[in-house]
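In case you want the letters, here they are:
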Amino acid sequence: MTSTSTPTRIATPLPPPDRRRPGVVLRLAQWSAHHRALALIGWFLFVAAVFVGGQLAGTRVLTETETGVGESGRADRVVAAAAFPSRPTENVLVQARAGTLSPAAASAVTTELTTRLSALRQVAQVESAVPSADGRSLLVPVVLDVHGATGDAASDAADAALPAVLAATAQVAAQHPDLRVEQFGNASVRASLGTQADRDFTRAEQLSLPVTLVILLLTFGALIAAGVPVVLAISAVATAIGLSALVSHLVPVMDLLSSVILLIGMAVGVDYSLFYVRRAREERARGLDRTSAIEVAAETSGRAVVVSGAAVAIAMCGLLLSGDATFQSMAIGTMLVVAVAVLGSLIALPAMLAALGDSIERPRVPFVHRLARGHGQGRFWPATMRVVLRRPLVSLVLAGLSMVALALPALGMRTGEAGLDSMSRSIPIIATYDRLTAAFPQESDAHTVVVHGTSRLDPAALQAALRRLVVDARATGRYTGLDTVQATVSPDGRTALIDLPVPGDVNSATAEQSLSVLRHDLVPTLEASLPGATVLVTGSTASASDFGSSMRAHLPWVIAFVLALTFVVLVISFRSVVVAATALVLNLLSVGAAYGLLVLVFQHGFAAGLLGVSSTGVIIDWLPLFLFVVLFGLSMDYHVFVVSRIREAHDSGLPTRLAVAEGVTRSAGVVTSAAAVMVAVFSIFGTLSMLEFKQLGVGLAAAVLIDATVVRAVLLPAAMTLLGRHNWWLPAFLDRRLPQRAH
């Protein structure tokens, strides 16, 4: 017991010099340190060239037809190929701010809207005003002029026409302050949400940099030392954004990929540099000269960075097996930023450390610098280790059960699409959407039935089939607003579209049940009445359902791939089957706990008010898989770094219990700081208006916090202490084949 009471007083001796040829990481560090000017100039020229090249080349973004999966994806591609004439329509909603809408006011505002909007060259037609059932609202449809364009070209033309139409609507609204005159449509939604997203991400960028810098200042106690990881992280993000733009011309990417790159890049970029810089400063404080300190940092933290980066990249490779183009673009962007962050840590960082020398300790932050020189051990972590290592089995069982309990709510996870109903009600156009759908329920989302024939559809047979469909749909009692349902036929006569209004929110159980009835009961009858035709169903609810089915089908393959390859990388890196297996189990616990927390907050509303988020009843459908691979990769940061310090202490001759105590306490400061940076950056993203980024930010922040505390401080040391010498077990056949560990 006395051997674990003062773990911080044990000085780990440096391992004996390795007479074999140094590894790649050390050779890169030595080259970089000796050719610092060339390394730094070359690095920043590379960053600038790639970023500028990416901006000049532009980014090819995935279209809606390229992202669809399952039946709805096939239907979307059929519709796109049919080249339906595009009639992008904006709706102007007119309501009295108080009381009812008088006939005189309705007539006056309708006349003014029609006059102003019809005069615009961007408007093809202003249709007759439609009163609501209760007579309190008026809807004026405005068809935008897209000059005969279809598909994505029509959307681009509508976006270009929108500003003039919005301006005219705003002028009318200003002249009728007693009325609410608001515009809503696909183009205005894209513009409004795009503006909101730009505003959100600008704020996130503005907050993440100073918050990260403050945490690093507290970590290092010196401005230059704190700035080095930030500079490397920013350079990694800029390079990855440029590379992703260039790659997009081969593989199209999602429109929010730059935001994902920023989110992941700032986290891993700072972490990797932080591990390296902290170890170099630690070795300098122990008396090594500048070059030797950089070499030790390269052999220890540099190697851990490579292993961690490989683990993240392998985890993200799993997304390539998802069968979804959006996930595949996320994988590409994340792998690029991780690879660049690792490369920068190996090539540019040693040159920076060599060039700065002792200047990295300046300018010093009073008082903080003196505390930082203690390398963050303090009293908390040694005290924690005494408790955990005194009763490792009890600690393991209690912490493990708490993680399992936190993960249990994930068994009831419901996934859904990030539709307008899941957006923040503080966004003006979403409030307009609420008022419009309340007054005109028929304007809500719809299931779109796509009828496609090998030849022209018979108009009479199509109309008869449509009447039968409406009768059958009305008989189910699951649809409303069926009186206005009609078929829209493509110019070649081979494809027809029929919209059936979705009852309730697109993610609701009611909408899902109506989709099931449509696909399993109504569509077969419709298809039987139209020989030679294929009938498919698309729409928001159908897309979400098909996406969920696709994820469930691909998820086992993704998980198996990530687990298998991560296991192989860890076995090779640590020459231990047990260490690799322990890492997988602990990471799965961490991911499960993050899932459970997301379900508690966003699905059941637990502590939602405290966290400043709203409960929507669903988890965004793409999050579980993306979170799994990201968290599995990121959690390796701490695990690899801590286990590397434990292995280092063990190789120097310490018994397992003391090596665990030494490794955890020696790495405590840097891991705590790295976790604080990640939690801060992810939490900022949790404050954004878009629900998917709220959930992503909260999920990542919670998982990192759990991983850096419960997993690292309790589960990992307790498990390794109980396993003792078995931690380093490697079968004989692998021992003969794997390369020996370099010191």
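The structure this text deals with has already been given above.
Quick caveat, the model's predicted, so the values are computed rather than measured.

Turning next to the packing of helix α16 (residues 459-476) against helix α17 (residues 509-528). Put simply, α16 and α17 touch, their axes get as near as 10 Å, and they point 150° apart. Comparing the axis directions of α16 and α17 gives the class roughly antiparallel. Read as a crossing pair, α16 and α17 show a hand that is right-handed. Taken together, the residues of α17 that come into contact with α16 (itself represented by Ala465, Arg468, Leu469, Asp472, Ala473 and Thr476) are Val517, Leu522, Thr525 and Leu526.

In terms of burial, strand β10 (residues 533-538) is a largely internal element, 5 of the 6 residues being buried. Note that strand β7 (residues 446-453) and β10 share 6 bridges and pair antiparallel. Paired with His452 across the bridge in β10 is Thr534.

A separate point is the sheet that holds strand β9 (residues 495-501). Across the sheet, 4 strands lie side by side as β8-β9-β7-β10; this open sheet has antiparallel pairing. Where the open sheet ends on each side, the last strands, each with one partner, are β8 (487-489) and β10. On average, each strand axis in the sheet is tilted by 20° relative to the strand beside it, whichever way the strands run. Bridge count between β7 and β9: 7 bridges; the pairing is antiparallel. Bridge pairing links Thr448 to Asp499 in β9. Strand contacts of α17: β7, β9 and β10, with the helix running at about 175° to β10, the strand carrying the most contacts.

A separate point is empty space enclosed by the protein. Under the criterion given, the structure shown has 6 cavities of 30 Å³ or more. Volume-wise, the second largest cavity comes out at about 60 Å³. Lining the second largest cavity, in full, are Asn587, Ser590, Val591, Leu631, Leu634, Ser635, Tyr638, Ala703, Val704 and Asp707. Mapped onto the lining of the second largest cavity, the elements with two or more residues apiece are α19 (577-603), α21 (623-651) and α23 (691-723). Per-element tally for the lining of the second largest cavity: the top contributor is α21, with 4 residues. Of the residues contributing to the lining of the second largest cavity, the split by class is 6 nonpolar, 3 polar and 1 charged.

Moving on: helix α2 (residues 36-57). The first and last C-alpha atoms of α2 sit 31 Å apart over 22 residues, in line with the 32 Å expected at 1.5 Å per residue. What α2 keeps buried is the set Ala39, Leu40, Trp43, Val47, Val50 and Gly54. Seen along its axis, α2 keeps its buried residues to an arc of 110°; they face one direction. Residues of α2 that are exposed and point over 90 degrees away from its buried face: Leu38, Ile41, Leu45 and Leu56. In this structure, the buried side of α2 is in contact with α1 (24-34), α8 (223-247) and α11 (325-356). The positive-phi residue at the C-terminal boundary of α2 is Gly58, with phi of around 75°.

About the cut-offs
- Residues numbered from 1 in each chain as written.
- Predicted model: local features only at pLDDT ≥ 70, side-chain atom pairs only at ≥ 80, totals over all residues.
- Heavy atoms only, no water.
- Axes fitted to C-alpha atoms, helices over the stretch in contact; angles between N-to-C directions.
- Helix = DSSP H or I, 4+ residues; strand = E, 2+ residues; numbered from the N terminus.
- Parallel < 35°, antiparallel > 145°, perpendicular 65-115°, else oblique.
- Left-handed = near helix turned anticlockwise from the far one by under 90°.
- Contact = heavy atoms within 4.5 Å.
- Buried < 20%, exposed > 50% of the residue type's maximum accessible area, 1.4 Å probe, protein only.
- Pairing = 2+ DSSP bridges.
- 1 Å grid on protein atoms, 1.4 Å probe; cavity = no way out; pocket = protein on both sides within 12 Å on 5 of 7 lines; lining within 4 Å.
- Points joined across faces, edges and corners; volume = space filled by probe spheres on them.
- Nonpolar A, V, L, I, M, F, W, Y, C, P; charged D, E, K, R; others polar.
- Expected span 1.5 Å × (residues − 1).
- Arc of directions from axis to C-beta.

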